[in-house]
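# Coordinate inspection notes
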Amino acid sequence: VRGFVWESRGSSPGAIYAMSTQLWDECIDDIVVKSSSQETRYELQLPPKTGETNSSKIQLSTGFHLFGRDPSPSNLSTQQPQIFPKGAQVNSHCVASHKVSANHAVIEICNSGTCFLQDLGSRNKTQLQYANGNRVALQPLCKYELRDDTAILLADLLCVFRITPYS
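Reading the values: the criteria
Residues numbered from 1 in each chain as written. Predicted model: local features only at pLDDT ≥ 70, side-chain atom pairs only at ≥ 80, totals over all residues. Heavy atoms only, no water. Helix = DSSP H or I, 4+ residues; strand = E, 2+ residues; numbered from the N terminus. Buried < 20%, exposed > 50% of the residue type's maximum accessible area, 1.4 Å probe, protein only. Salt bridge = Lys/Arg side-chain N within 4 Å of Asp/Glu carboxyl O. Pairing = 2+ DSSP bridges. Axes fitted to C-alpha atoms, helices over the stretch in contact; angles between N-to-C directions. Phe/Tyr/Trp six-rings, centres within 6.5 Å; stacked < 30°, edge-to-face > 60°. Lys NZ or Arg CZ within 6 Å of the ring centre and 35° of its normal. Lys, Arg positive; Asp, Glu negative; His and termini not counted. Polar contact = N/O pair within 3.5 Å; in protein donor to acceptor, adjacent residues only side chain to side chain. Contact = heavy atoms within 4.5 Å. Disulfide = S-S within 2.5 Å.

## A closer look at unusual backbone geometry
You will see that Lys-125, though not glycine, has its phi angle at about 65°, which is positive. With respect to the element layout, Lys-125 can be found in the loop between strand E6 (115–119) and strand E7 (126–129). For Lys-125, a relative accessible area of 38% gives the class partly exposed.

This is the structure:
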C-alpha cells in the first residue's frame, strides 16, 4: 500500500477543515479539467456474513461514503472538525459488526480518481493491512490515499478496496 497522510497532529480544527476544504476544491476543479476516455469502478469488498460463503461488494460512486454500525452524518460529534464540505452528498453504508463504531470511517472518491480513507476517531480503529501481514492504524481525522487492492480493517472487519476499469 502506497499513499500519503494529511497530518492533523498539532493543527487546530480550523486548519484541518481548511485542508479538507482545499482537497474538496481540488476534486471539484477536476470535474472541469478531467476528460477520461475510460470509466472506472470503485468498490469495497466485505467479508461473508456468518453462515454465508459469498462476500458482498459495495459499489462506490464519486463523493463521500460513511461507514459504520449506524452511520449518520448528523450524528457526528460536534467536537470533530467539519468532515464533509457544505452541500456535499454523503452516502451511508451500514456494516454489521458490533466492534465497528456508529460512524467509523469515510472513503472519499474524487472525480480525478484519487481515493482517500479517513478514520473518524473510532474506538476500535481503522487499519491498513500490508501484503506481508503488517498493520498500520490510521491516525484519526487524517486522510490516507487508497490504491487498488488495499486491505482495510474496520475494527475487526477485513475489507478490500478495489479499483477496476469498466470493460
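## Considering the pattern of salt bridges
Applying the stated criterion across every chain, the model contains four salt bridges. In this structure, Glu-145 engages Arg-147 in a salt bridge whose closest nitrogen and oxygen atoms are separated by 3.5 Å. On the basis of relative accessible area, Arg-147 is assigned to the partly exposed category, the value being 33%. Where Asp-149 meets Arg-162, a salt bridge forms, and the shortest distance between an N and an O atom there is 2.1 Å. Placement of the pair is Asp-149 in the loop between strand E9 (143–146) and strand E10 (150–154) and Arg-162 in strand E11 (residues 157–165), with a sequence separation of 13 residues.

## Here's the deal with the sheet that holds E11
If you trace the six strands from one edge of the open sheet to the other, you get E2-E1-E11-E10-E7-E8, paired in antiparallel fashion. Edge positions in the open sheet fall to strand E2 (56–60) and strand E8 (135–137), since each of these has one partner strand only. Ignoring which end each strand starts from, the neighbouring axes of this sheet average 30° apart. Bridge count for E10 against E11 is five bridges, and the pairing is antiparallel. Within the sheet, the bridge partner assigned to Leu-154 lies in E11 and is Leu-157.

## Focus: the packing of aromatic side chains
Following the criterion strictly, the structure yields one aromatic pair and no others. Taken together, a centroid distance of 5.3 Å and an interplanar angle of 80° make the contact between Phe-64 and Phe-84 edge-to-face. Remark: Phe-84 occurs in the loop between strand E3 (63–68) and strand E4 (90–94) and Phe-64 occurs in strand E3; sequence separation between them is 20 residues. On the basis of relative accessibility, which here comes to 2%, the residue Phe-64 falls in the buried class. A residue is classified by how much of its surface remains accessible, and Phe-84, at 6% relative accessible area, is buried. The lysine or arginine in question, Lys-143, covers the ring of Phe-116, its NZ or CZ lying 5.9 Å from the ring centre.

## With respect to the side chain of Asp-119
For Asp-119, the location among the structural elements is in strand E6. Although buried, Asp-119 forms no salt bridge, and the nearest oppositely charged side chain, Lys-125, lies 6.0 Å from it. A distance of 2.8 Å separates a polar side-chain atom of Asp-119 from the backbone nitrogen of Gly-121. With residues up to four places along the chain from it excluded, the contact list for Asp-119 reads His-104, Ala-105, Lys-125, Thr-126, Leu-138, Gln-139, Pro-140, Leu-141 and Cys-142.

## Some words on the state of the cysteines
Applying the stated criterion across every chain yields a total of zero disulfides. Cys-110 provides the cysteine sulfur closest to Cys-115, a residue in no disulfide bond, and the two sulfurs are 7.4 Å apart. Judged by relative accessible area, which is 1%, Cys-115 ranks as buried.

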